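Below, each chain spelled out in residue letters.
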Amino acid sequence: MGMFDPLKGFGVTFATMFKKVVTEQYPEDFYPSAPRWHGRHQLNRHPDGLEKCVGCELCAWACPADAIFVEGADNTEEERYSPGERYGFDYQINYLRCIGCGLCIEACPTRSLTMVNFYELADDDRRKLIYTKEDLMAPLLPGMEEPPHPMRLGENEQDYYVQGPELARGRGVPEGETVETSKEEAIQ
Amino acid sequence: MADPITPVLTKRWLSPNSWRLSTYEQLEGYTAVKKALRKPPEQMVALIKDAGLRGRGGAGFPAGVKWSFMPQADKGAAKPHYLVINADEGEPGTCKDIPLMMADPHSLIEGCIIASYAMRAHHCFIYVRGEVLHCIRRLNAAVREAYDAGYLGKDILGSGFDLDIVVHAGAGAYICGEETALLDSLEGRRGQPRLKPPFPAAAGLYAKPTTVNNVETIATVPYIVNGGSDWFREMGTEKSPGPKIFSISGHVEQPGQYEAPLGTTLRELLELAGGMKDGIPLKFWTPGGSSTPMFTADHLDVPLDFEGAAEAGSMLGTTAIMVFNETVSVPWAVMKWTQFYEHESCGKCTPCREGTFWLAQVLERMVAGKGTEEDIDTMLDVCDNILGRSFCALGDGAVSPIESGIKYFRDEFLALCEDNKSKQSEAELVGAKA
Amino acid sequence: MTIAPENTETEVPEGHVKLVVDGEEVIAPEGELLIRTAERLGTVIPRFCDHPLLDPAGACRQCLVEVEMNGRPMPKPQASCTMTVADGMVVKTQKSSRVAEKAQEGVMELLLINHPLDCPICDKGGECPLQNQAMAHGRSTSRFVDTKRTFPKPISISTQVLLDRERCVLCQRCTRFSDQIAGDPFIDLLERGVHQQIGTAETADIHNSASHTSSGTPFQSYFSGNTIQICPVGALTSAAYRFRSRPFDLVSSPSVCEHCSSGCALRTDFRRGKVMRRLAGDDPDVNEEWSCDKGRFAFRYAAAKDRIRKPMVRDESGELVEASWTEALRRAADALVAARESNGAGVLTGGRLTVEDAYAYTKFARITLRSNDIDFRARPHSAEELDFLASSVVGTTPEHVSYASLEKASAVLCVAFEPEDESPIVFLRLRKAARDKGTKVFHIGQWTTSSVRKTFGELLACEPGGEAAAVDGIAEHAKDLDAALSSDDAVVLVGDRAAEVPGLFGAVTRLAERTGTRVAWVPRRAGERGALEAGAVPTLLPGGAPVSDASARATLETSWGLDSGTMPAEPGRDTAAMLAAAASGELDALVVGGVDPDDLPDPAAAREALANVGFVLSLEMRPSAVTEHADVVLPIAPVDEKTGTFLDWEGRVRPFSITLEGTGALPDCRVLDTLAVEMDADLFTQTAQAAWSDFSRSRVVSAHQGSNPDQHSRPAASTPDTPDGTVRLATWRQLIDNGSLQVEEPHLAGTARDAVLRMSAATAERHGVTRGERATISTERGALTLPVEFTDLPDDVVWAPARSPESIRSVLGAGHGASVALSGGAR
């Protein structure tokens, strides 16, 4: 062992001090993950704010970890949450069980359930990790209105499914502005 | 073959006031019933069997055989028997029973008395199509006349035989021409075909033994009683004897009812009807209403009897000959017919209810120039899924214009699709318009 | 089924035929439908309209197969649901015939062209025969690109049934069920062709004013829920269950209905500790595949918000407050011991107990309270009834009279029994017997009720209270009935209401002795038959031996491990006597199970007794008129949360096991066992299983069961004359009313029959009542005003439902056969 060898080691340290740091200073600094990261779920909305979820429970059926609980209910003319007859009255995802596989997303027939790239899913209380509908609903984008409210985009649910975005533009949402909460740019 | 002009059923039609009892009686009316009531009922059944009279309603089932299915039990303990006359003439192009009842209702009534006597029925119902109000009135008047003259009611002509005839007006459904649907409708239910067995001869109207016969069949009976079976067999062919009223409509000079022996060809009938209208050549025709596969000019010499028509790939049906000249588009005509079947399908069974709905839409699309070549194959396959799969024969009838139309005139269908090919319209989203 | 090995001639038994299905030789009974023969071979032919309990229809054409008869193939594929087997037939199903396979695919494609893609939101999704069969027998893609036929989304055809016409495949199961099985043809097909739809008179667009007569009749049937269950698509759905869950997250548990004595097998579906729905179970011996709407829909009482879940005791201020089990049991034990040592305590069990629970009450009364003061009859009752139950009912099994014997009977006589209201499944079986087998059904009653009409029955009308005389008069005045009853297979069904008519049980016994016909007792409540068997009556021991029989007592003492001679020998008081004794201080305490004072012969007196008696222990699920007066309330488990056994009216054992586990609710038998331990006695009824085995071991069958000479000498009471200006009241409870097990069921309540006052036109005229208006019946106690309907009642007789919704006994203090004043208009 040479005389300067111990200093060589410090040299590495010293030299590194002037290099660009690759470590992310989480949690002080927060960096978003890739857009297709299997993060937290989101329940999307139609362009007028009505919920896309119809409470069909297919996500719950698809879930291999039994992490999802859904109960449907009936829309009425006075209190409408989604176009059509049925909406998700109760929606819970237990993130203690969720394995982030995304099978629920594939099962969703209305593209109501998607995943966003949010990954801070840890807490010190088990109960806080059961996310309910309020936690999971997508934020209201411009032109959206918090349900319950009547169908603004058409006569029936088929109008929503077949030409929802066009109808939204017809109502004055400007071109280029995103109307779908499930679009990736809306998530970022 | 007998001379085409042998008026039997229609012989009184041109007499003044031919529908009156007095006219009828002058022209040897109610003579057959007098003969018949003197003979035992079995002999009547045997006579009709010998004459080889086949049902004139479309299927051509031997009438005598049908009558012999009725239970032979005596009066008293046995259930009552019923004779029901199917006068719900609804097949497109068919126009023979209603003129017959208009011009000569008493021949039907006389036939009813003889047939009822042969089957030991004391109630006879005539189920007339509701739309033909004039005919119903005339028939009612004739029944009244017959009651007054003692041909109906208790102890007819001193024979001890009782018969009541009820004229019932239907409410306008094609399906009620199907015998079991007719019986349901007559009972006051929804006109939908019944499950067979039991057949009407075992459990028909009000679950009692019943025979359902066509108007023309029964109206032929008095002539057979008067003329005998040998006379009857002089006309027509071996297996399809007797005269028949052909209703000729469409592009001929003189459309109307023409009586001719069975086995007459269209060529002969066209001569009677004055030939094609304005001399425009024949393109296609139906031998027995829209439910029978169509014929073309190649079939002018097909003998129009039950066997001849079947051999040539169609059916004799009701001998409703609709003649179309070259100005008519086959897909258009087929579409119109299919719309009729869609409208008249009773809805009981899936193939007919859903199939006619689908076929009508495809044809409408095609005629509008939006069809594709695959649509033709789809239609043929759907037809195959309806034919023989439906509850009654309505479904079978609904597909025959389409299948035969495509068989003989595929090019015309293809031409409509050709038109669409150039446009290449964007594929519409399924259900987008719903 | 016999499958013959190849190349050997098998004997074809009498009444059977031999045919070949898919190359396999099979012997089938004559008249069997091809679809069932194939099913026995394990080949499931897809079907929609076919249902084994309905007449064949052949409407959907989904079950087409190829058939060869006498070596000749039939030209068209045949519907296997309508074609019966024949000798020498060769059948090719979709398994061996491409023609059949294509026909089935074709029909499936046609069915789907107008069926909406609603599966994710459809209640049937996941248990849908259309979905399943489309996966198994359908094409993978649709060629239909045109416009679907649509209808507005669901219309409610009654408060509990919703109809989605788009989804309907028009198989007509619902209309055929309503017409054939229930006899309520309120739904039918409307329109034709592709516009054909199911509808009611209300949904029909009737323009012809002449037809308006039938308009406004909703789908009001006690059996409408069955149409939801047999619908092969999601066209008919339940309003109560709508969108609540999906089949795949439900856990199904077989159960038995607790509502009436029909003993229906049910299937209870629950999710996360909550019952979501109940369906009819399949039990060919009992309910076949049907159930009534009460059994199907009335179950949410157990999840009611006001359910008592913790013991309660009355504190010094007179308020009921929650307490620990220890405290509540201590309080109850002390009070009951004190009462026992003084004037004694009585036990009113109510008629809704399982056999095990009733047995626990029996033991509790006899061992812990050392008394025979126990009675299950929370309704009008009589000593004569007890004699009848002891001589003719207790110990009988389905071998005596069963559903099957009703179906086989040549004649059935219903006495004081309205089958559709009081035992709906008995009604269905009577209707089936009358419709299919020609059974003659006779009813002794007051008017041509729907039960009479729908069982094609004959009414022998009599005055209310005159039923006994009518039964005695059969020999003289109804010779045809007398002859019919004399045949071997005739049956007399007598309802528990017979106790309201003095002398009626005697008359029925005399009739049975004279004609040799069998008599069966059909109580209204599910627990009565079991409670009788368990000995929850003042005069009988478990098994039916009389209390007064010393040897029977001795036997029981041995099996119960008691010291000789400790069993009380004196017959106890019945319900009315106990309440009277409690009111007058002759009893110091009452132990009350599920009793509604409004059902008792004198509700006012019962309330007074509860208020006056020194101590009331109530074992209840929900607050009631009894808990109002209770000093200690102990919560007990509803049927969903316990194991037990009912005895149905036939005497058939209907065991069921727990559906919702771990709720902490305890059955009566466990609560009583624990209470007895507090009182230094062992009942050995800690669990239902223990109670049942103890009961089975301890039954003492009566030595002289059978005829009771004492009874026959009693003459039929003649009906007292009605004073001037009054009319005689006929009444019974309708199936759906405000009973305590029907709470929180708004959808079910909407299908209840209207409460109306029925009378003949002549009666109305005489008393100044006009049709369509309201009229009042009254006694000195009170008055009841109801809309009037004219019915074929005898003159000077009115009929009113026993709950309208007030209890007629509470309001008027009078019941069946009483004289009441009638006046037009409201008072």
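Values in this document were obtained by computation on a predicted structure and should not be read as measured data. (Residues numbered from 1 in each chain as written. Chains lettered and ligands numbered in written order. Predicted model: local features only at pLDDT ≥ 70, side-chain atom pairs only at ≥ 80, totals over all residues.)

Draft legend 1. Broad picture of the overall build of chain C. When helices and strands are tallied, chain C shows 28 helices and 35 strands. Relative to the 2.2 N^0.38 estimate, which gives 28 Å for 827 residues, the radius of gyration of chain C is 29 Å and therefore close to what a compact globule would have. Projecting the C-alpha coordinates of chain C onto the three principal axes gives extents of approximately 90 × 65 × 55 Å. By the burial criterion, 56% of the 827 residues in chain C qualify as buried. (Helix = DSSP H or I, 4+ residues; strand = E, 2+ residues; numbered from the N terminus. Rg over C-alpha atoms; globule rule 2.2 N^0.38 Å. Buried ≥ 20, exposed ≤ 12 C-beta atoms within 10 Å, placed from the backbone.)

Draft legend 2. A look at the overall build of chain A. Secondary structure summary: chain A contains 6 helices and 5 strands in total. Written out in order from the N terminus, the α and β elements of chain A read α-β-α-β-β-α-β-β-α-α-α. Relative to the compact-globule value of 16 Å for 188 residues, chain A shows a C-alpha radius of gyration of 23 Å, a clear excess of over 25%. Over its C-alpha atoms, taken along the principal directions, chain A stretches across nearly 85 × 40 × 25 Å.

Draft legend 3. Spotlight on the interface of chain C and chain B. Contacts between the two partners involve 32 residues from chain C, matched on the other side by 31 residues from chain B. With 6 residues, helix H2 (residues 98-113) of chain C is the single largest residue contributor to the side of chain C that touches chain B. In the side of chain C that touches chain B, the residues fall into 17 nonpolar, 8 polar and 7 charged. (Contact = placed C-beta atoms within 7 Å. Nonpolar A, V, L, I, M, F, W, Y, C, P; charged D, E, K, R; others polar.)

Draft legend 4. Highlighting the UniProt feature "domain: 4Fe-4S Mo/W bis-MGD-type" (unreviewed entry) in chain C. Using the residue numbers shown here, the UniProt feature "domain: 4Fe-4S Mo/W bis-MGD-type" (unreviewed entry) corresponds to residues 250-306 of chain C. Annotated as residues 250-306 of chain C, this span is 9% helix and 35% strand, and its ends, taken at the C-alpha atoms, are 25 Å apart. (UniProt positions renumbered as here; feature names shortened; annotations may be inferred.)

Draft legend 5. Highlighting the UniProt feature "binding site: [4Fe-4S] cluster 1" (unreviewed entry) in chain A. UniProt's entry tags Cys53(A), Cys56(A), Cys59(A) and Cys108(A) with the feature "binding site: [4Fe-4S] cluster 1" (unreviewed entry), counted in the numbering of this structure. Separation in sequence by 56 residues is not matched in space for these annotated residues, since their most distant C-alpha atoms are only 10.5 Å apart. Looking at where Cys53(A) falls in the secondary structure, it is placed in the loop between strand S1 (41-43) and helix H2 (58-62). Setting aside its immediate chain neighbours within four residues, Cys53(A) contacts Leu43(A), Ser82(A), Tyr87(A), Gly88(A), Tyr91(A), Thr110(A) and Ser112(A). On the basis of neighbour counts, which here come to 26 C-beta atoms within 10 Å, the residue Cys56(A) falls in the buried class. Filtering out sequence-adjacent residues up to four positions away, Cys56(A) remains in contact with Pro109(A), Pro120(C) and Ile121(C).

Draft legend 6. Fine view of the UniProt feature "domain: 4Fe-4S His(Cys)3-ligated-type" (unreviewed entry) in chain C. In the numbering used here, UniProt assigns the feature "domain: 4Fe-4S His(Cys)3-ligated-type" (unreviewed entry) to residues 99-138 of chain C. Along residues 99-138 of chain C, the helical share is 60% and the strand share 0%, with 14 Å between the first and last C-alpha atoms.

Draft legend 7. Representation of the packing of helix H6 (residues 105-119) of chain B against helix H7 (residues 133-148) of chain B within the structure. Residues and elements named next belong to chain B. Relative to each other, H6 and H7 sit at 55°, their axes nearing to 9 Å. One finds that H6 runs oblique with respect to H7. In this structure, H6 meets H7 at a crossing whose hand is right-handed. Residue-level contacts link Pro105, His106 and Ile109 of H6 to Arg138, Leu139, Ala142, Val143 and Ala146 of H7. (Axes fitted to C-alpha atoms, helices over the stretch in contact; angles between N-to-C directions. Parallel < 35°, antiparallel > 145°, perpendicular 65-115°, else oblique. Left-handed = near helix turned anticlockwise from the far one by under 90°.)

Draft legend 8. How the structure looks around the sheet that holds strand S5 (residues 243-250) of chain B. Here 5 strands make up an open sheet; going across it, the order is S6-S5-S9-S7-S8 (chain B) and the pairing mixed. Looking at strand neighbours, the two that pair on one side only are strand S6 (256-261) and strand S8 (295-296) of chain B, the edges of this open sheet. (Pairing = 2+ DSSP bridges.)

Draft legend 9. Structural context of the domain arrangement of chain C. One can read the domain layout of chain C as domain 1 (2-111), domain 2 (146-249), domain 3 (322-379 + 529-698), domain 4 (384-523) and domain 5 (726-824). The partner domain 2 of chain C presents 11 residues to the 10 residues of domain 1 of chain C that form the contact. (Domains from an automatic or database assignment.)

Draft legend 10. The UniProt feature "binding site: [4Fe-4S] cluster 2" (unreviewed entry) in chain A, seen in detail. All names here are of chain A. Here, UniProt's "binding site: [4Fe-4S] cluster 2" (unreviewed entry) annotation points to Cys63, Cys98, Cys101 and Cys104. Across 42 residues of sequence, these annotated residues stay compact in space, with a maximum C-alpha separation of 10.4 Å. Relative to the elements of secondary structure, cysteine 63 occurs in the loop between H2 and strand S2 (68-74). The exposure class assigned to cysteine 63 is buried, which follows from the 21 C-beta atoms found within 10 Å.

Draft legend 11. Structural context of the nonpolar core. With 347 residues, the main nonpolar core has Val84(B), Ile85(B), Ile114(B), Val415(C) and Leu590(C) as its most contacted residues. It is H6(B) that provides the largest number of residues to this core, a total of 9 residues. With residues up to four places along the chain from it excluded, the contact list for Ile114(B) reads Ala32(B), Val33(B), Ala36(B), Met44(B), Val221(B), Pro222(B) and Val225(B). (Core = buried A, V, L, I, M, F, W, Y, C linked by C-beta atoms within 7 Å.)

Draft legend 12. Representation of the environment of Glu259(B) in the model. Residue and element names in this part refer to chain B. Topologically, glutamate 259 is positioned in strand S6. Taking the number of C-beta atoms within 10 Å as the measure of exposure, glutamate 259 has 20 and is therefore buried. Along the chain, glutamate 259 and methionine 101 lie 158 residues apart, while their C-alpha atoms are 15 Å from each other. Residues within four places of glutamate 259 in sequence aside, it is in contact with Pro7, Val8, Leu9, Thr10, Pro243 and Ile245.

Draft legend 13. Examining the packing of helix H7 (residues 325-341) of chain C against helix H23 (residues 668-678) of chain C more closely. Residues and elements named next belong to chain C. Running from N to C, H7 and H23 point in directions that differ by 65°, and their axes come no closer than 9 Å. In the crossing of H7 with H23, the sense of the turn from one axis to the other is right-handed. Two secondary-structure elements touch here, H7 through Leu329, Arg330, Ala332 and Ala333 and H23 through Thr674, Leu675 and Glu678. The class makeup of the residues in the contact of H7 with H23 is 4 nonpolar, 1 polar and 2 charged.

Draft legend 14. Fine view of unusual backbone geometry. Of note, the amide linkage connecting Pro147(A) to Pro148(A) takes the cis form, showing an omega dihedral of 5°. Structurally, Pro148(A) is set in the loop between helix H4 (133-136) and helix H5 (157-170). Here Lys196(B) and Pro197(B) are connected by a cis peptide whose omega angle stands at -5°. In this structure, Ala207(B) is a non-glycine residue whose phi angle is positive, near 60°. Here Ala207(B) lies in the loop between helix H9 (200-203) and strand S4 (210-214). Of note, Phe243(C) is a non-glycine position whose phi angle comes to about 60°, a positive value. Secondary-structure assignment places Phe243(C) in the loop between strand S12 (236-238) and strand S13 (251-256).

Draft legend 15. Highlighting the environment of Ile156(B). Residue and element names in this part refer to chain B. As for its placement among the helices and strands, isoleucine 156 is situated in the loop between H7 and strand S3 (164-169). In this structure the C-alpha to C-alpha distance between isoleucine 156 and leucine 37, which are 119 residues apart in sequence, comes to 8.7 Å. Sequence-distant contacts of isoleucine 156, defined by excluding residues within four places in its chain, comprise Leu37, Ile113, Gly150, Tyr151, Phe161, Asp162 and Leu163.

Draft legend 16. Region of interest: the sheet that holds strand S18 (residues 345-348) of chain C. Residue and element names in this part refer to chain C. What the 7 strands build is an open sheet, ordered S17-S16-S27-S26-S25-S18-S19; its pairing is mixed. This sheet does not close on itself; its edge strands, each paired only once, are strand S17 (320-322) and strand S19 (374-375). Across 3 bridges, strand S16 (residues 312-314) lies against S17 in antiparallel orientation. Looking across to S17, one finds that valine 313 is bridged to valine 321.

Draft legend 17. Structural detail: helix H13 (residues 330-344) of chain B. Residue and element names in this part refer to chain B. For H13, with 15 residues, the first-to-last C-alpha span of 21 Å sits near the 21 Å given by 1.5 Å per residue. Among the 15 residues of H13, 11 are classified as buried, and the element is accordingly described as predominantly covered. Turning to H13, its buried residues are Val330, Pro331, Ala333, Val334, Met335, Trp337, Thr338, Phe340, Tyr341, Glu342 and Glu344. (Expected span 1.5 Å × (residues − 1).)

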